[in-house]
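Descriptive structure summary
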Amino acid sequence: MEKMSRVTTALSGSVLTGRTMHCHLDAPANAISVCRDAAQVVVAGRSIFKIYAIEEEQFVEKLNLRVGRKPSLNLSCADVVWHQMDENLLATAATNGVVVTWNLGRPSRNKQDQLFTEHKRTVNKVCFHPTEAHVLLSGSQDGFMKCFDLRRKDSVSTFSGQSESVRDVQFSIRDYFTFASTFENGNVQLWDIRRPDRCERMFTAHNGPVFCCDWHPEDRGWLATGGRDKMVKVWDMATHRAKEVHCVQTIASVARVKWRPECRHHLATCSMMVDHNVYVWDVRRPFVPAAMFEEHRDVTTGIAWRHPHDPSFLLSGSKDSTLCQHLFRDASQPVERANPEGLCYGLFGDLAFAAKESLVATESGRKPYAGDRRHPIFFKRKLDPAEPFAGLASSALNVFEIEPGSGSMSWFVDTAERYALAGRPLAELCDHNAKVARELGRNQVAQTWIMLRIIYCSPGLVPTTNLNHSVGKGSSCGLPLMNSFNLKDMAPGLGSETRLDRSKGDTRSDTVLLDSSATLITNEDNEETEGSDVPTDYLLGDVEGEDDELYLLDPEHAHSEEPEYVLPQEAFPLRHEIVDTPPGPEHLQDKADSPHVSGSEADAASLVPVDSSFSLISVSHALCDSRLPPDFFSALVCDMLRFYAEQGDVQMAVSVLIVLGERVRKDIDEQTQEHWYTSYIDLLQRFCLWNVSNQVVKLSTSRAISCLNQASTTLHVNCSHCKRPMSSRGWVCDRCRRCASMCAVCHHVVKGLFVWCQGCSHGGHLQHIMKWLEGSSHCPAGCGHLCEYS
Amino acid sequence: MRLATAANEAYTASLAVSELLGCKQCGGSRGQDEELGIRIPRPLGQGPSRFIPEKEILQVGSEDAQMHTLFADSFAALGRLDNITLVMVFHPQYLESFLKTQHYLLQMDGPLPLHYRHYIGIMAAARHQCSYLVNLHVNDFLHVGGDPKWLNGLENAPQKLQNLGELNKVLAHRPWLITKEHIEGLLKAEEHSWSLAELVHAVVLLTHYHSLASFTFGCGISPEIHCDGGHTFRPPSVSNYCICDITNGNHSVDEMQVNSAGNVSVSDSFFEVEALMEKMKQLQECREEEEASQEEMASRFEIEKRESMFVFSSDDDEVTPARDVSRHFEDTSYGYKDFSRHGMHVPTFRVQDYCWEDHGYSLVNRLYPDVGQLIDEKFHIAYNLTYNTMAMHKDVDTSMLRRAIWNYIHCMFGIRYDDYDYGEINQLLDRSFKVYIKTVVCTPEKVTKRMYDSFWRQFKHSEKVHVNLLLIEARMQAELLYALRAITRYMT
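Read on for an overview of the structure. Bear in mind the structure is a predicted one, so any value in this text is a computation, not a measurement.

All names here are of chain A. Taking strand neighbours across the sheet as the criterion, the four strands line up as β4-β5-β6-β7 in an open arrangement whose pairing is antiparallel. Edge positions in the open sheet fall to β4 (31–34) and β7 (59–64), since each of these has one partner strand only. For this sheet, the mean inter-axis angle between neighbouring strands, taken without regard to orientation, is 25 degrees. Here five bridges tie strand β6 (residues 48–54) to β7, and the two strands are oriented antiparallel to one another. Across the sheet, residue Ala53 finds its bridge partner in β7, namely Val60.

What follows covers the pattern of salt bridges. Taken as a whole and judged by the stated rule, the model has 35 salt bridges over all chains. As a salt-bridge pair, Glu87(A) and Arg36(A) come within 3.3 Å of each other at their nearest N and O atoms. Of the two residues, Glu87(A) sits in the loop between β8 (77–82) and β9 (89–94) while Arg36(A) sits in the loop between β4 and β5 (40–45), which places them 51 residues apart along the sequence. Taking the shortest distance from any N to any O, the salt bridge between Glu473(B) and Lys378(B) comes out at 3.0 Å. Remark: Lys378(B) occurs in helix α16 (residues 371–384) and Glu473(B) occurs in helix α21 (residues 461–491); sequence separation between them is 95 residues. The pair Glu473(B) / Lys378(B) is uniform in exposure class, with both members buried. Shared partners join several salt bridges into a network, and the residues in it are Arg46(A), Arg350(B), Asp353(B) and Asp418(B).

As a further point, take the interface of chain A and chain B. Taken together, the contact pairs 37 residues of chain A with 35 residues of chain B. It is Arg46(A), Arg228(A) and Met273(A) that lose the most area in chain A upon contact with chain B, and together they represent 21% of the buried surface on that side. Counting the contacts that link chain A with chain B gives five salt bridges. In this structure, Asp418(B) and Arg46(A) form a salt bridge, with 2.7 Å as the shortest nitrogen-oxygen distance.

Counting residues in hydrophobic clusters, the biggest one holds 165 residues, and the most contacted among them are Met88(B), Leu164(B), Phe215(B), Ile405(B) and Ile437(B). Each residue touching Met88(B), except ones within four places of it in the same chain, is listed here: Tyr94(B), Leu95(B), Phe98(B), Leu212(B), Phe215(B), Leu469(B) and Ile472(B). Of all hydrophobic cores here, the second largest spans 55 residues; its members include Leu636(A), Tyr644(A), Val650(A) and Leu660(A).

Conventions adopted
- Residues numbered from 1 in each chain as written.
- Chains lettered and ligands numbered in written order.
- Predicted model: local features only at pLDDT ≥ 70, side-chain atom pairs only at ≥ 80, totals over all residues.
- Heavy atoms only, no water.
- Pairing = 2+ DSSP bridges.
- Helix = DSSP H or I, 4+ residues; strand = E, 2+ residues; numbered from the N terminus.
- Axes fitted to C-alpha atoms, helices over the stretch in contact; angles between N-to-C directions.
- Salt bridge = Lys/Arg side-chain N within 4 Å of Asp/Glu carboxyl O.
- Buried < 20%, exposed > 50% of the residue type's maximum accessible area, 1.4 Å probe, protein only.
- Contact = heavy atoms within 4.5 Å.
- Buried area = accessible area lost by both parts, 1.4 Å probe.
- Core = buried A, V, L, I, M, F, W, Y, C linked by side-chain atoms within 4.5 Å.

Written as structure tokens, this is what we have:
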């Protein structure tokens, strides 16, 4: 698919060509290394040791170095390195602690050259000196680094890290005598090869093992390290103290890191676990990888740039037994896919919007938000000079503020605080909530609650006023409550105010309901509703139907909806129930209900205003005939909930969901419910309505939600004497070895709730103090203060 | 005084429990003091451990500041100062890490609800018929609001926990058989499925309690006073022992025999230590000289692995779980022993391809944050713990011995270190020691005081506890490696 990409390399003048390709190896690879001529690559693993030629279209196996009848552990390679000066020379590190050198120039089939068995444990890394032909360095699990001269039989010098295991050793490319080593305990050491007695410098680079390091090919002081703590850090060693200059946070522990040739700030990484991709990062942009190669199906174990002066070819070997050549051009670039725009709502309806400046600039001529009363308060341009990406460098931030007054969210807070969600029969809950809504001037919401009550509860329980209220007003305008139909509703989500002033004559009961249930609906006879583009006509038909069916409740249906008691709430439960308790047994047939219902029919009939435009009487006559299943309305109710949520009134959606509980829960998919819950809880918390939010969490039936208040339940306390945090126990201080809070009544340590007088600061167990103050008004500690307990 | 209150509190809490469990052995003797109106429980016997004389163990009250803090921590976290803590305090450095980890696993933020955690602990301990741990966690389980019905057996627990039974079984006895299919089965069981995070939490708990069961038996931890078998209502004159105490064949008669035998061989055992030190020195020196061939190294591992399967105590009597602990698990016949009889092949697991430091840690920390760090620390402390002493000798580098023990345990689980010469194990660990290791790690319920006494006779008790720490940590790591490798394979 990909055609040639020709790159002239600076060094040799030869031309590197190739494409993105891969080949299958027989076994998982542990490491790879590239020959100086960039035309061959060696792959080493536990049971593989082969040289492949990199051709234009494919990899071709050139040589299998794993010879012999019974392969020994010496061939089980943890690492391999190809000499950058001598193309016949290779070295491998074996898992059993042996360092082997290979001479490809040997005429025999077995190319093994020398065997160093000095390390006691697995050798993790071998490294040739970049300019010296015979110097080899190894780092092992036993904590030692050894320097070998290939002309001699054993090591020249041994460096002891005084620590557990060496994970990586790398010769500095610029400084002839220097090498860096990284350790399992998080340290990095710098050594002078002439001085094996002690390291030149040591610093802690990572939390946990440092798996890899790489010297910058050009910048002499820069060393990149990668660790188990999922970080890549770039250190400037040229200064007196090693200074962290860049830090890239990846998503998994970093197994290898390699600077990209010719690109000063780029480096490639692959990870040890879980994540299979190879990333190329721009260290100045630590959050998004510049490029990503996703070919491998298992963890990548070795990466190498094909040529030291060519930034476009990357080779990688993996546990999935493949060898890949990646072309930088073919890399997927997460930056491209990233969304450069950000949008966020403020608590009071303010809107902040950040985007690429170019994007905003082209549109700046336009009004940011057409046709509404809000306007941008300020328009801020932010330019970050450090950001190197020209195209993405500057971004603009717009903030739109709500006109003062119009965006008040007090209704939200009031509603949240006053709504009753549980603990009473459904009918009472609905009535209560309807009342709350009406008092706050949200008649449409109130109406909905009443309808819900009518739908789900027996008609006999409907009080007169409400019934009248819901029946409509065309004829019964004499009733005082009807004033509320001069609607003054707020669009909850947008905060804009729409005043619906309607002539009474043209209202039928269905439109009344409609108006109140959907304020922003495009409505022919409402001239003042503006700018609404919400397609909501589907409600027209539905509501009409619903209105008719409202009174078709049959006795059976009524039966099935017993008042539901949700779990009583204790004052201070030790730990709230973790298991979801299903709402109490439902739908028990109650014998006492049958006469009740028959009576209620009569009530309903008698209450209906005599008006020819309503066929209510006939409807209630039809009551006994129709047999509607109990969940007949659930589709409508669900639509209604979705409508509210869509409108931004997620409060209503969640409240109804909680109040109705089992009745509708199954008809709305879990995810939507979860989404509503999280949005509502988020809103509540932003308004600091902690109690309400916790109640909602507790009442929610969704598992993902109810576990919200099970996490982070730790309460940290400070000692009352030394003011230090009491880390291990809540009632004994580690430092002053005193019990922090004693009860003034019983003189024991208070381990739970401690109540104290704010006047004299004496106190104790809640129960004890309460009891004490019933009999006496003085402080139990005897300080003479007249304590007050309220 | 602190301990006394602890015991009292725990005791009142647990009365209901023991009634509920209805210990048949002790139940009969309960009525005797009834006439006095109050039945006063009496501690049974010999201090925190049946194997270690009480006077050797640190007395509460005589601890130094560091230990005191540890005790206080332990008490605050668990509401008790259990016998395990009292024995482990031989090695306060380890104990600290151990308690921290256990506290985090059981009580801090984690994906599993609290009662699940204790129940999993019960399941794991019950696999080894460790009534000590089961009793402790039955209390805790009820304390955090667990459903007492579950305690009647695994089949009464939720399906989700029942699904875990298979993994528990395999993990406890033959962890090398864990495949990604096991993991898949748990993760994809529709409404009973586990999430990855929950599974990792459960796996860590299971391995923790499997190895803790090893420790309990390996050190002969006595039952807590408030648990079954830990107290008696009989007046002390009747008998010092409750029948429950004999479950593991540690009758007082046993003890006397061993003691007399021990006296005879004091001089022998003196030479044991000397010989061991000599061997260590030799190994250290000759390592450079003679280099075994690769084939030989490989075969040494195989030999050691095969032999480890036949190392079993001669007094290998069938101990059927006498207690109602068996309710908590099914398939009692499934054990480590089975496979040695059938000569099954244990595939070799190469540490260089999947090790705790590189792979296991990252996976655990990813799915169950902070726990990887805690366990990692615990492994490190256990592996590196040394006082440079061996019996009466000081300034000894014991790293070689510790490594041999560690690798021997891993070897029993088929885990191989490429860079280790398994011939060393044969040199350093004698047969009685191997029998002890093997029994503690694989079938802890069969450990007897005789076994404990017969290895390393000249060594101090604290050193034997040290050995136990190595054993349990190595075992935990081995089980974790297999389980985590399966999870990794499932994820890729």
